[in-house]
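# Results of the structural survey
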Amino acid sequence: MADKIIYLAEARNGAPAIPARLESPSGNVADSLGRPLHDLRISITDRCNFRCVYCMPKDVFDKNHVYLPHTDLLSFEEITRVARLFVEHGVEKIRLTGGEPLLRKNIEKLIAMLAALRTPSGQPLDLTLTTNGSLLARKAQALKDAGLNRVTVSLDSLDDATFKRMNDVDFAVADVLHGIAAAHQAGLGPIKINMVVKAGMNEQEIVPMARHFKGTPYILRFIEYMDVGASNGWNLQEVIPSAEVVRRIGAHMPLLPINPNYTGETAARWRYADGSGEIGLISSVTQAFCADCSRARLSTEGKLYTCLFASSGHDLRSLLRGGRSDAEISSAVAQLWRGRADRYSQLRTSQTDLTGTTLEHGKKKVEMSYIGG
């Protein structure tokens, strides 16, 4: 099985260059396509207690899989320092991801540190977290008390057999629903429920999921099965287009499109015609949203990625641990973002016409389990 181990060193790249002239952050840096830096997603662990077939399949991430040593992970102080610099460049929203972020010991301390940050205008951040829900019931209140605003919970089916087949660790639906209820009780809302739809595995759950969460305080979002990384054996034929999801739900529960909450929102929004809530559709395969993407991603070991589908990152950890000043790191980040031209999904769509032919980069894309969704 050793040949199936994914060594994260494959995704390494050098540290970003320090500009000759340092600059003060303006709070509004834009990339080469005019996209602002608005969101920062931070992976705080590469470990997960699920083995979802679309993210960390068990035949790849088996008992011999090599995880990062703790010393390689960014400390809470390093994460907070980087986050503060990004906030000075315009970031208003931070999402903690993994792996499974609730596996990171003392995560509440990190949340409290991040919750203390303020934007240049003095506003608190929108501080969120994505979780598989397995530890949510026991941690929800502590997360809220530490300053977390809300959570997004992954749940791919309401049918136990289907869900267990997808998480591949025999974890029950009822336990995730219990965690969702605990998060709601703690005030971590509005809670979003993410369902990755994979043809031949859980597509029959689209309508039951919609019906179950219709009329509740929760927002259900359907995600097209994506070609992130190389371990999940992605095949275009296993993608259920968002348009088909809307058609199936609409046949039972009429839907109407509604405007996004903000520019760059990943999910297209639809509301039930009877006013009993809304759903979201994340369509990075069939309806690329690269044009408005304002997200940067920080890996567990401090690599900065400017695209979810990137093949390499920029090593901020070496700057953090190399004695570089805030001004130097901040200027390097600004220069890197200004040079950003990523639009993988857009290019994939235009070059394949969704026929199943993928782009040939000659490089492996970073794994979702390493960089977060």
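Conventions adopted
- Residues numbered from 1 in each chain as written.
- Predicted model: local features only at pLDDT ≥ 70, side-chain atom pairs only at ≥ 80, totals over all residues.
- Heavy atoms only, no water.
- UniProt positions renumbered as here; feature names shortened; annotations may be inferred.
- Pairing = 2+ DSSP bridges.
- Helix = DSSP H or I, 4+ residues; strand = E, 2+ residues; numbered from the N terminus.
- Contact = heavy atoms within 4.5 Å.
- Axes fitted to C-alpha atoms, helices over the stretch in contact; angles between N-to-C directions.
- pLDDT = per-residue confidence, 0-100.
- Disulfide = S-S within 2.5 Å.
- Buried < 20%, exposed > 50% of the residue type's maximum accessible area, 1.4 Å probe, protein only.
- Core = buried A, V, L, I, M, F, W, Y, C linked by side-chain atoms within 4.5 Å.
- Polar contact = N/O pair within 3.5 Å; in protein donor to acceptor, adjacent residues only side chain to side chain.
- Salt bridge = Lys/Arg side-chain N within 4 Å of Asp/Glu carboxyl O.

In the nomenclature of an unreviewed UniProt entry, the protein chain corresponds to GTP 3',8-cyclase from the organism Janthinobacterium tructae. UniProt, in the comment section headed Function (unreviewed entry), describes the protein chain in these words: "Catalyzes the cyclization of GTP to (8S)-3',8-cyclo-7,8-dihydroguanosine 5'-triphosphate."

With mixed pairing, 12 strands are arranged side by side in an open sheet as 7-8-9-6-5-4-3-2-1-10-11-12. Each of the sheet's edge strands pairs with one partner strand only, and the pair in question is strand 7 (255–258) and strand 12 (314–315). Alignment of strand 1 (residues 39–43) against strand 10 (residues 295–298), held across 4 bridges, turns out to be parallel. Among the inter-strand pairings, arginine 41 is bridged to a residue of strand 10, identified as arginine 297. The strands touched by helix 7 (residues 242–250) within the sheet are strand 6 (219–224), strand 7, strand 8 (268–272) and strand 9 (278–282), with strand 9 carrying the most contacts at an inclination of about 155 degrees.

Before going further, it helps to examine the confidence of the model for the protein chain. For the protein chain, the mean per-residue pLDDT works out to 88, and 86% of the residues sit at or above 70. Note on residues 352–362: pLDDT is under 50 here. Beyond four places in sequence and across chains, it has 17 contacts.

This brings us to the state of the cysteines. Summed over all chains, the structure comprises 0 disulfides. Sulfur of cysteine 48: no disulfide; nearest cysteine sulfur belongs to cysteine 52 and is 6.3 Å away. Taking relative accessible area as the criterion, cysteine 48 reaches 17% and is therefore assigned buried. No disulfide involves cysteine 293; its sulfur sits 6.8 Å from the nearest other cysteine sulfur, which is in cysteine 307.

Another aspect to go through is the nonpolar core. In this structure, Phe86, Ile94, Leu96, Val151, Ile193, Phe222 and Ile249 are the most contacted members of the largest nonpolar core, which totals 103 residues. Per-element accounting of this core gives the leading share, 7 residues, to helix 1 (residues 76–88).

Right, let's talk about the pairing of strand 9 for a bit. Summarising burial for strand 9: 4 of the 5 residues are buried, a large majority. Here 4 bridges tie strand 8 to strand 9, and the two strands are oriented antiparallel to one another. By the bridge assignment for strand 9, alanine 268 is matched with leucine 281. Two successive antiparallel strands, strand 8 and strand 9, enclose a turn made up of 5 residues, where glycine 275 displays a positive phi of approximately 80 degrees.

Moving on: the UniProt feature "binding site: [4Fe-4S] cluster 2" (unreviewed entry) in the protein chain. This chain's UniProt record puts "binding site: [4Fe-4S] cluster 2" (unreviewed entry) on Cys290, Cys293 and Cys307. For this annotated set, covering 18 residues, all C-alpha atoms fall within 9.2 Å of each other, a compact arrangement in space. Looking at the secondary structure, you find cysteine 290 in the loop between strand 9 and strand 10. With a relative accessible area of 10%, cysteine 290 lands in the buried category. By the element assignment, cysteine 307 lies in the loop between strand 11 (303–305) and strand 12.

On to the side chain of serine 134, then. Inspection of the secondary structure puts serine 134 in the loop between strand 3 (126–131) and helix 3 (136–146). Residue classification places serine 134 among the buried positions, given a relative accessible area of 13%. Separated by 2.9 Å, the side chains of serine 134 and asparagine 49 make a polar contact. There is a polar contact of 2.7 Å between the side chain of serine 134 and the side chain of asparagine 132. Beyond its immediate stretch of four places on either side in the chain, serine 134 contacts Asn49, Phe50 and Phe171.

Time to look at the pattern of salt bridges. Evaluated as defined, the whole model comprises 22 salt bridges. Between aspartate 326 and arginine 84 there is a salt bridge; the shortest N-O distance is 2.9 Å. Of the two residues, aspartate 326 sits in helix 9 (residues 326–338) while arginine 84 sits in helix 1, which places them 242 residues apart along the sequence. Relative accessible area serves as the criterion here: at 27%, aspartate 326 is assigned to the partly exposed category. Two residues, lysine 164 and aspartate 170, come together in a salt bridge whose shortest N-O distance is 3.5 Å. On the basis of relative accessibility, which here comes to 57%, the residue aspartate 170 falls in the exposed class. Several salt bridges share partner residues, and in doing so they unite Asp72, Glu301, Lys303, Asp315 and Arg317 into one network.

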